[in-house]
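# Topology and contacts: notes
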Amino acid sequence: MRYLLLSDVHGNRHALEAVLAAAPPASFDRVLVLGDLVGYGADPNAVVDRVRALDPFIVIRGNHDKVACGLEPPDEFNQIARQAVLWTLKTLTDENREYLRALPAGPCAVGERAQVCHGSPVHEDEYIFDGADAAAAFGHLERPVCFFGHTHIPVVFVRSRQRLEAQVPSGEETTVLHLEPETLYLVNPGSVGQPRDGDARAAFAVFDDGTGEVALRRVPYPVEQAQEAIRTAGLPAVLANRLAAGR
Ligand code: ZN
């Protein structure tokens, strides 16, 4: 089974469309969404509609989704994220707000080999940035491979009997990871709609649980159009500016 992995789309329909053009329906069997469909970007309804039309196998919620549908107050959000998420709460249709409200918290198992979560397998709002965070998370895996998001930074943490290491994708259009037996993996495909690794291109992944390959991919998208939409919506300018820097 080939899984298309989408994380942290954050209301950026231009980035999502570019990803779906680069990964046409014939290139995967099922869609997995790792949370944060909305927040920051100017097109939350278009993104939720498009994700729903994909009929994903699993969609889990992210921290922005929870606030954007009114499940939680934005207490943990900085001022800019808060402004954007409250705008999103107001802008979402009733139907899309209900859709977000019904999303499960991770982690969720995906067959025998993999699981998905938003932040970490310990808690959906927790961040996995470095080896210490990963070491703690590895103790909670229920499958050999755990896909996560939340940091918006593509990375692969590998734990074999000998060591724990972090692998950063090459920056090529596609970086292929071959899963080894008796090894655990924490894989962040990166963010579709708001990359933060200094690369403005949208990030996503395709996981083939038959071959044990994970393709980590980057695709350019019309950043200026997403920026224009953010400005037109009256959202903070910094949210438009950061898209060009991938920060
Ligand atoms: Zn996010």
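Anything mentioned here points back to the structure above.
Attention in this report is confined to the structure presented alongside it. All figures in this text were calculated on a predicted structure; none of them were measured in a lab.

Read across the open sheet, the six strands follow the order β4-β5-β6-β10-β7-β8; overall the sheet is mixed. Two strands bound the open sheet, and with one partner strand each, they are β4 (108-110) and β8 (164-167). If you compare each strand with its neighbour and ignore which way they point, the axes differ by 20° on average. Pairing between strand β5 (residues 114-116) and strand β6 (residues 145-147): three bridges, direction parallel. Within β6, the residue paired with Gln115 across the bridge is Cys146.

Considering all chains together, one arrives at four aromatic pairs under this definition. With centroids separated by 5.4 Å and ring planes inclined at 10°, the aromatic side chains of Tyr127 and Phe129 adopt a geometry described as stacked. On the basis of relative accessible area, Tyr127 is assigned to the partly exposed category, the value being 36%. On the numbers, 5.2 Å between centres and 50° between planes, the contact of Phe147 with Phe207 is tilted. Here Phe207 lies in strand β11 (residues 202-208) and Phe147 lies in strand β6, a separation of 60 residues in the sequence. Note on accessibility: Phe147 and Phe207 belong to one class, buried. What links up through ring pairs into an aromatic cluster is the set Tyr3, Phe57, Phe147 and Phe207.

A separate point is the state of the cysteines. Tallying each qualifying case throughout the model produces zero disulfides. No disulfide involves Cys69; its sulfur sits 16 Å from the nearest other cysteine sulfur, which is in Cys108. Residue Cys69 is classed as buried on the basis of its relative accessible area, which comes to 1%. A disulfide-free cysteine, Cys146 has its sulfur positioned 3.7 Å from the sulfur of Cys117, the nearest such atom.

Analysis parameters
- Along each chain, residue indices are assigned from 1 in the same order as the chain's sequence is written.
- In keeping with the predicted nature of the model, local features appear solely for residues at pLDDT of at least 70, side-chain atom pairs appear and are counted solely at 80 or more, and the whole-chain, interface and lining totals rest on all residues.
- By convention in this description, side-chain values take in all heavy atoms of the structure and omit both hydrogens and water.
- Two strands qualify as a pair provided DSSP detects at least 2 bridges between them.
- Comment: elements are numbered from the N terminus, with helices defined as DSSP H or I runs of at least four residues and strands as E runs of at least two.
- All axes here are fitted lines through C-alpha atoms, helices being fitted over the stretch that makes contact, and every angle between N-to-C directions spans 0 to 180 degrees.
- Within 6.5 Å between ring centres, the rings of Phe, Tyr and Trp (the latter by its six-membered ring) count as paired, and their orientation is classed by plane angle as stacked under 30 degrees, edge-to-face over 60, tilted in between.
- Categorising residues by exposure relies on relative accessible area from a 1.4 Å probe, with only protein chains included: less than 20% of the type maximum marks a residue as buried, more than 50% marks it as exposed, and the intermediate range marks it as partly exposed.
- By disulfide we mean two sulfur atoms from cysteines, separated by a distance within 2.5 Å.

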